Amino acid sequence: MQCQTFIEIISTNTRRSVRALELHSPDDSSTQPWKHRQACCDFGCNFNFSFDFDRHFSFDFDYDYDYDFSFNFKYSPLTVQSVDLLKSKGGLNRRQHHTDAYFSDNLIVRRGQTFYMTIEFSRPFNRKTDNLALQMMLEPIYSNSTGINISVPLVDVLEDGVWEMKIVEQKDKQIQLAVNTLPTASIGRYKVTVQSFSPKGKLLFPCTPNDVYMLFNPWCEDDPVYIHNEAERQEYVLNSMGRIYYGTEHQIGTRTWNFAQFEKDILETCLFLLERGQVAMTEWRDPVIVSRMVSALVNSNDDSGVLAGNWKETYEGGTSPTAWTGSGDILRQYFKASGKPVKFAQCWVFAGVTNTVLRCLGIPTRCVTNFNSAHDTDHSLTTDIYIDEKLEIIKDKTNDSVWNFHVWNESWMTRPDLPPGNGGWQVVDATPQETSQGSFRCGPTSVSAVRNGQVELKFDTPFVFAEVNSDRIYWQKKSDGSFSQLNVEKKSIGVRISTKAVGSESRVDITELYKFPEGSKEERIAVERASRFGSKPTFYPSPTANDVSIEITMDGSGPRIGGDARLSIVLKNKSSSQRTASLLYEVMVMYYTGVLKATVKKDNISVDLGSQETKTIPWTLNYREYMNHLVDQGALLLVVTGRVSETKQILATQFNFRLRTPDLIITPQGEAVVGKELIVKIMFQNPLSQVLKNVLFRMEGLGMQSVRKVAYGDIDKLGTVTLMEKFVPTAAGPHKLLASMDCRLLTQVHGFADIVVKPK
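Everything in this summary refers to the structure shown in the same document. (Residues numbered from 1 in each chain as written. Predicted model: local features only at pLDDT ≥ 70, side-chain atom pairs only at ≥ 80, totals over all residues. Heavy atoms only, no water.)

**Quick look at the environment of I525**
Point 1. Tracing the backbone through its elements, the reader meets I525 in helix α10 (residues 521–531).
Point 2. Accessibility expressed as a relative area gives 47% for I525, which makes it partly exposed. (Helix = DSSP H or I, 4+ residues; strand = E, 2+ residues; numbered from the N terminus. Buried < 20%, exposed > 50% of the residue type's maximum accessible area, 1.4 Å probe, protein only.)

What follows is the structure, encoded as structure tokens:
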């Protein structure tokens, strides 16, 4: 290559100075010196000079008269020496884009918002003769799908909603750029190349491995995931700890969950997961498509997704769903195993991981628990229970089930694909229940559409509607084999729908978002509108001679596991005549999904009721009667059916309840200080008169990047365990320490502690 020289001329009254900048030696080697160079003036003076390769040289000459003179020289190419993406966690970019909490050292930005970078060239940038562009390439890493190539031009004035950049500062050979991105750009990991243009041509400077990660932007008004309230953005995007509710409508339990969306490898895992979705990268711009894709990819039923579900009684070869305390360990296992599903999960684990993935990608998301959640298997939009002539449940025909609770997610986004008014919160459910368009997935489903009974709108609105607002109908088999309707319960499905409050640890009831008040005119209209799309007739005849009512009640927060369960059966005679009711009760052990395992106890009761009399019948289930039938969640279902002798009225009701488990008590011993050892005491008492075998404790949080496991062994019946664990906090501020116990005989045992870590 020939040497290219940039020459600057300085003139005073008595002196001319020439300064030249040499860029390239003949063989591109910085060690090769140049020996001679000649510059000519138009007044015939020749100057010979020599210099070493220090990139600068100068020469002077004096004269008495003001001669005009000129030099012949060539322009030098504009070569990029270095690029700084200003990616430090405490720097301007990461702070302004609310990405400073991510573990990754790469530049992480949110679309639709300006970010800054600096470029150093081999010579000063000349806006008149030089030009510049960025090449942003979104390319697949783990698949063969087609990528996206975007050219970002240099402009003088930035406009919103356009890929472009401008120089905001120039110092000698260095410039600082402000780069605008589209609020509808595809999210993902972009490779950046600087293109420099000069009269000598174009040069490319790849910035690899300094890739740019681009996420959805809830702070940008033009992004479909924009949410206007800052407190909600802090909660639904930036909060890495949350609460998931479980149990029954009368006994709501709480567990703290570490979403871990900012931890090591989590962002990389989320993008790895999107590539496995086999959806074109051009569609990664749409939160509707991305959230629907994630709902399929978090379960492994048909696409080797993150989690394998298991609702059986054994978890050999994996981890019990009740033992997980967060999503980080699950996602890292999946990533390190190159996409091998992690075992095992149930609904709250699917929801916890989905929450992590969507928050990590920038979509505001929360976990929601629906109590008495119906699973409509025949698209009737009703929950049907069949009983025989003896008033016993026909188990092989009662295919619809009612889960004690079911956890899904809601994500916030606009829905331009639906009629106006259906944006906002959308149900996204990764638990594999039914297929949707050929895959096990659900949503995004407009919560507004569910409330209004608009089940014709996509996606999966009929299924979600049935989960929260179907009627529970009891049918009795007649002698000819047909079934007649006995009773309709219009208020039992979809109750106390719950999520964590914004900015606090409280539970918020959001049932009103899903349906109008039970029994109201608006609620009945929504049900009738939805039922037109169901698979069964929509006419619900009113029961006759309905003057005796029955319900089951429970005092306080309910029974604890290891103790006796005590409930009450309440009968009310609303007539002025005496009534006699013959009751049959049956209590069954039930998985939280509503699937029955076995009958524990059944019996008959005869009750005489006087005029306008209310009678309460105590009912007790002893520990010894259920101790050998326990399943996950310790759920039990009491079904009471009966007949009123005088009127032949049929009575039917049911009540599910759980046996509450003890908590792990976590107590820090002393102050928590960054870099100093902290001892934490964890206590547990076995409530059972049985030995707990092969107990494993799991701990995470407090800034740890992985889960700590402690294999304890066996715990004696009614025995007490005390663990003294040592931790060294790495970051100041408020933290949570989570712990759970993994034991086949006793599940859903966990606890947490709030710990404020002081700086050194």
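From this point on, the discussion continues.
**Some words on helix α5 (residues 328–336)**
Structural remark: α-helix, 3.6 residues per turn; residues separated by three or four positions point the same way.
Point 1. Buried residues dominate α5, accounting for 7 of its 9 residues.
Point 2. Residues of α5 that are buried include every one of G328, D329, I330, L331, R332, Y334 and F335, and no others.
Point 3. After α5 finishes, the residue S338 shows a positive phi value of roughly 55°.

**Observations concerning unusual backbone geometry**
Point 1. In the segment running from K343 into F344, the intervening peptide bond is cis, with an omega of 5°.
Point 2. Residue position: F344 is located in strand β19 (residues 342–345).
Point 3. Positive phi, close to 60°, is recorded for D460, a residue that is not glycine.
Point 4. You can see D460 is positioned in the loop between α7 (447–452) and α8 (461–469).
Point 5. Phi angles above zero are rare outside glycine, and Q748 is one such case at about 60°.
Point 6. Given the relative accessible area of 3%, Q748 is considered buried.

**Describing the layout of surface pockets**
Point 1. Space inside the second largest pocket adds up to approximately 710 Å³.
Point 2. For the lining of the second largest pocket, the secondary structure elements donating two or more residues are β44 (733–742) and β45 (749–758).
Point 3. No other element matches β44, which puts 4 residues into the lining of the second largest pocket.
Point 4. A class-by-class count of the residues in the lining of the second largest pocket yields 13 nonpolar, 9 polar and 3 charged. (1 Å grid on protein atoms, 1.4 Å probe; cavity = no way out; pocket = protein on both sides within 12 Å on 5 of 7 lines; lining within 4 Å. Points joined across faces, edges and corners; volume = space filled by probe spheres on them. Nonpolar A, V, L, I, M, F, W, Y, C, P; charged D, E, K, R; others polar.)

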